[in-house]
Amino acid sequence: MGRTERDGAARAGGHGPVRFGPRMPDDGLPVLPELTAVLSAAAQRAEDEPPGGGPGLLEAAAGYWTRRGLAAVPDRVAAAPGAPALLVALTATLGGDVLVPRPCAAWWAPYARLLGRPVFHVPTPPESAGVPDAYALQETIRRVRAEGGDPRQLVLSPADETTGAVAAPDSLHETVEVAEAEGLFVISDETWRDTVHDPHGTVLLSPAEMLPGRVAVVCDLRGGLLPAGWPAAIARFPTGPGDGGALRARVLDVLTALGAQIPGPLAVTAAYALDEPEEVTARRAASVRLHARLAAAVHELVVAAGGLTLPPQAGRCVYADLSPLSDALATHGVGDGQELEECLDVHHGVPASGGHRFGDDLAAPRVRLSTGDLLGGDAVERAACLTAPDPLELHRVRGALTRWRTAFARLGTPSDATIGPERGESPR
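The rules behind each value
Residues numbered from 1 in each chain as written. Predicted model: local features only at pLDDT ≥ 70, side-chain atom pairs only at ≥ 80, totals over all residues. Heavy atoms only, no water. UniProt positions renumbered as here; feature names shortened; annotations may be inferred. Patch = residues over 30% accessible without salt bridge, like charges linked within 9 Å, V, L, I, M, F, W, Y side chains within 5 Å. Areas by Shrake-Rupley, 256 points an atom, 1.4 Å probe, with all protein chains shown as cover. Salt bridge = Lys/Arg side-chain N within 4 Å of Asp/Glu carboxyl O. Lys, Arg positive; Asp, Glu negative; His and termini not counted. Charge placed at Lys NZ, Arg CZ, Asp CG, Glu CD. Helix = DSSP H or I, 4+ residues; strand = E, 2+ residues; numbered from the N terminus. 1 Å grid on protein atoms, 1.4 Å probe; cavity = no way out; pocket = protein on both sides within 12 Å on 5 of 7 lines; lining within 4 Å. Points joined across faces, edges and corners; volume = space filled by probe spheres on them. Nonpolar A, V, L, I, M, F, W, Y, C, P; charged D, E, K, R; others polar. Buried < 20%, exposed > 50% of the residue type's maximum accessible area, 1.4 Å probe, protein only.

The protein chain has the name Aminotransferase class I/II-fold pyridoxal phosphate-dependent enzyme in an unreviewed UniProt entry, where Streptomyces chilikensis is given as its organism. Recorded in UniProt under Cofactor (unreviewed entry), the annotation for the protein chain is "pyridoxal 5'-phosphate". Its UniProt record gives the protein chain the following Sequence similarities (unreviewed entry) comment, quoted word for word: "Belongs to the class-I pyridoxal-phosphate-dependent aminotransferase family."

A. Looking closely at a negative patch on the surface. On the surface, a cluster of negative charge is contributed by Asp170, Glu174, Glu177 and Glu180. Following the sequence through the fold, Asp170 ends up in helix 7 (residues 169-181).

B. Region of the structure containing empty space enclosed by the protein. By the definition in use, this model includes 4 cavities of 30 Å³ or more. Taken as a whole, the largest cavity encloses approximately 180 Å³ of empty space. As for the largest cavity, its lining consists of 18 residues, and the residues nearest its centre are Asp27, Gly224, Leu225, Leu226 and Arg283. No other element matches helix 11 (residues 278-304), which puts 5 residues into the lining of the largest cavity. A per-class count over the lining of the largest cavity returns 10 nonpolar, 4 polar and 4 charged.

C. The arrangement of the pattern of salt bridges in detail. Under the definition given, this model contains 20 salt bridges. The salt bridge involving Asp194 is made with Arg284; its shortest N-O contact spans 3.6 Å. Residue Asp194 is located in the loop between strand 5 (185-189) and helix 8 (207-210), and its partner Arg284 is located in helix 11; the two are separated by 90 residues in the primary sequence. Classification of Arg284 as buried rests on a relative accessible area of 12%. One salt bridge in this structure joins Glu381 and Arg396, with 3.2 Å as the shortest N-O distance. Of the two residues, Glu381 is situated in helix 14 (residues 379-387) and Arg396 in helix 15 (residues 395-411); the sequence distance between them amounts to 15 residues.

The following block contains the structure:
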C-alpha cells in the first residue's frame, strides 16, 4: 500500500493525516556497531533519567554546543525523547502565535496547532529555505497584529530539512534583526547543521550567535549522531543575564507533565554520541559524503526532466518543483502536489511527499525526495554504500536512480508520447 493509499485509509478510519505525515529523513544505513555496544552495555540500567536529562547527558550536550562556538553550561541545556517534545514544551511556554517558513519541516506546525496556537507561514525564497524573507516576515507580523493576533515565536532552520538549503549569513542576519525589532523569540532547529555537504565552502551560522538573549536552539540527534529509530534531542537556552534559566525551568515543567524522558540506556548512548568519539564522527562524515553524492544525482535527474531545484547543500533531501512541466503533468492527471505525490509514489515506485505537507501551496506540483530511499537491500549491502568508490554504481542504487530518472522523464512528456508501462501499472 502506497503512502497516499495509507492516508486515504487513515481518513476513512477516523484518523487525521498527521499520523501518516512525512517521516524524518533516514540515512538508510545500519546502526554503527559502537553505538549498539554502548546501548547494550547500558541496558542493565534500571533508574529513570530525570526530565530534561541527567548530569552526564547535560555535560555532553553542553560540550557539543561549546565546540560549535555556542557557549553552554549544563543548567542551560535540556534533553528530551526527540525534538518534537522540546518544540511542544517551548511553544507551550512562550505562548502567542507561531510564525514558520513556507515550506518548513512537516512536524513544526502540527504541534503548535495541537496546543491551540495559530500558525502563520511566511514566504521564503528557495535559496534561503528554512529562513523566511525579512520583508515578508515584517509584513506578516504587521498583518497578524492588525487582525488581532499575537505573534511571539519564529521557528526557523539555518540548514533546512525539507529542501536541503543553507541560509546565507546576510539573509539570516536580516531576518533575525526583524525578529528582534518586533519582539519575537526565535527557536532555531539545527538538527541538520552537521550534515552540510561542503563544510569548507558553505558558511552556516546560528541565530544564537546574532541574538544570544532571545534564541533557543534545538537539535534532534537523529540528524547526524543517532539512528532514526532512537529518539533523543537536546536544546540550548540563552546564557548570560536574562531569563534563559527561567525559560528552561518552565520547559522542564512541561516535559515533566508530559512524561517526556529519554530512556536511561538511550540517554547513556546519546551522551556517548554527543562526546563525538572518532568512530561516531567518522561514520557521520562518511554518511554526509554518501548523501551529498546521492542528492547531487537526484538534483541532476530532476533538472534533466525540466524541473526546478537548487543544488542541495545539507541533509538528505531534494525539493523538486515541476511547475515548468505543468502542461505535460496535466496529461498524466497531475494538477497539484497531492496528485504528484500519488503519481510518483503509487504509480512509479518513487517515494515522495507533496509540498503541501510542508506548508507549501497545494496547487504547486512540488515534492520532497529523500536520498535514503535510494538505498536498499540488507545491512551488508547498505553498509557497502559507505565504502564504495562510486555508490551510484552499486546495483540497488543504480536501479533506484534509473527508476526515479524514468519516472521524472515520463512525467515531463505528454502521456500520448510516453513509451513504456501505462500510468496505472506499477513498476514494482
